[in-house]
Structure formats: structure tokens, C-alpha cells
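Given next are the chains, with one letter for each unit.
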Amino acid sequence: MFLTRFRINTARMGARRLLTSPQSLHAAVMASFAERPDHQGDGPRVLWRLDQQSRSEVLLYIVSPERPDLTHLVEQAGWPTTGGWQTKPYAPFLTRLTADDTWTFRLTANPVHSIRRHAAEPTKRTAHVTPRHQLDWLLARQTDAGFAIVERPEPRPDGLPGAWHEVVVHNRGDLSFGKRSETDDRAHQVKLTRVTYDGRLRVTDPDALRRTLTFGLGKAKAYGCGLMTLAPAE
């Protein structure tokens, strides 16, 4: 496994095209591998995420089973003569994960649930729209994902019952774009919500967390969702 970071040159036309089209950016990420990764099996998949540090600083993170070659991205959306990308083996970090360790984390995800208005209606995937429900979505998955979001000992500032978790839900973005399938030339509309979570977690199951970090969490992984990264907790 490899973890890659690439800074996008937001002043370039190619960068603006990629940043406004998750389909184009996904295609560019997948083009980084000589052999197209197979997402149909049980192995780890290619995950990617955009982090906007400021208006002019946007970072692309990629986790992948194979080492990527981002030469084409540098030419389209980077600095061809002075820029590049950084790729590091991910396995050494993953093997160091230990139960009860505490890390800061960032996750961009697509928090959805399935609903139907009556028993005869098929279920429909629907986005959670409030920060409270978006946080509940993550809390419902933390045990199986191998971590527990750190809880503060003091009461919640909003006065509501329940634990006060060390996490912030922000940068909600609603995406809508046309998508063509391999068997149908007609485009159908895709709508999804991306949300970013920043917080602190405690490792509860290292093996499960390793799977989360390499397989992703939630839906819409092809559109920049599901990638969680960890950093040392201060």
C-alpha cells in the first residue's frame, strides 16, 4: 500500500476542470496506474480525497495498492518544472497501529441512509443533511471500523443529552453531474453530498482500522469519499 500527496495548481485551466468534475478527477487518479485497479474483488482499493487548505492550496491524497505515477496530473494541474508529488509506503505506518492509541483524523464521506415512505415502495438512498445526523452516521460505524471517537468529560455545550465527541463536521458540498454507464450512452443524473469530519479517535481494533484506512468508509468512493487519514494527536 502507498500514500500519495499531490498539490494542485489552482491557477491552471486543467486544475479548474478537475476540481469541478469528480468524474474527471477520478479518471485522472485511475490513469495513474499502468494496470487499471480492480475494484470488484476483496482487496484494497484506490481511494482519493481533496483537502482545501486555503483558496489557493488544494491537496490531493491517494491511498492505493500500487505506486502511482502522477506525471499527467503534474502536466495538467501542477507545476511541470518545479512541482511533483510525494509517495510513501503505507504498510510501515499501518503495522504500527495499536489498540488504545489516540490519533487525530480527517475523513471525507458520503453520509447516507435508506428510506421508504411505505412498505410497497423500494428503498431510496438519501443523504443526511444536518450536522447532527451526519455525526450520528459516523458514530454508528465507528465500532465496526475499529475506532472510537474521543468523548469529552464535560457536558455538551448545546445542553442536549448524550456524549460530547471531539469531532467537527464541516465543508458540506452537494454535487450533481451526469454519468454515462458502459452499456447506455444516455447520461443519468448523479447527486451526492460530501462532508468532512475532523476529530480525535482511539484505536479499538487495529485490524479493523487498517481495513478502514485501505478499503474506505461509506459510499461514493469513486467521487472522493471514504478516505480517512490519521496524524499524531497533540
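This text goes with the structure placed above it.
The structure reproduced in this document is the subject of the present report. (Residues numbered from 1 in each chain as written. Predicted model: local features only at pLDDT ≥ 70, side-chain atom pairs only at ≥ 80, totals over all residues. Heavy atoms only, no water.)

## Structural notes on the overall build of the protein
The secondary structure content of the protein amounts to six helices and 13 strands. In the protein, buried positions account for 42% of the 234 residues. Once local pairs closer than 6 in sequence are excluded, the contacts in the protein between residues at least 24 apart make up 68%. In the form shown here, the protein has an accessible surface area of approximately 13300 Å², with 49% of it arising from carbon and sulfur atoms. (Helix = DSSP H or I, 4+ residues; strand = E, 2+ residues; numbered from the N terminus. Buried < 20%, exposed > 50% of the residue type's maximum accessible area, 1.4 Å probe, protein only. Contact = heavy atoms within 4.5 Å. Areas by Shrake-Rupley, 256 points an atom, 1.4 Å probe, with all protein chains shown as cover.)

## A word on the packing of aromatic side chains
Tallied over the full model, the rule gives four aromatic pairs. Plain terms: the ring middles of Phe-93 and Trp-103 are 5.2 Å apart, the flat faces sit at 75° to each other, and that makes the pair edge-to-face. Taken as a pair, Phe-93 in helix H4 (residues 91-95) and Trp-103 in strand E5 (residues 102-109) lie far apart in primary sequence, 10 residues in all. Of the two residues examined, Phe-93 and Trp-103, each falls in the buried class. Between Trp-137 and Tyr-197 the ring centres are 6.3 Å apart and the planes differ by 20°, which places this aromatic pair in the stacked class. With Trp-137 in helix H5 (residues 131-145) and Tyr-197 in strand E12 (residues 187-203), this residue pair connects regions lying 60 residues apart in the sequence. (Phe/Tyr/Trp six-rings, centres within 6.5 Å; stacked < 30°, edge-to-face > 60°.)

## A look at the pairing of strand E2 (residues 47-52)
Two elements, E2 and strand E3 (residues 58-64), share six bridges in a ladder whose sense is antiparallel. Bridge assignment links Leu-47 to a residue of E3, and that residue is Val-63. What sits between E2 and E3 in their antiparallel hairpin is a turn of five residues. (Pairing = 2+ DSSP bridges.)

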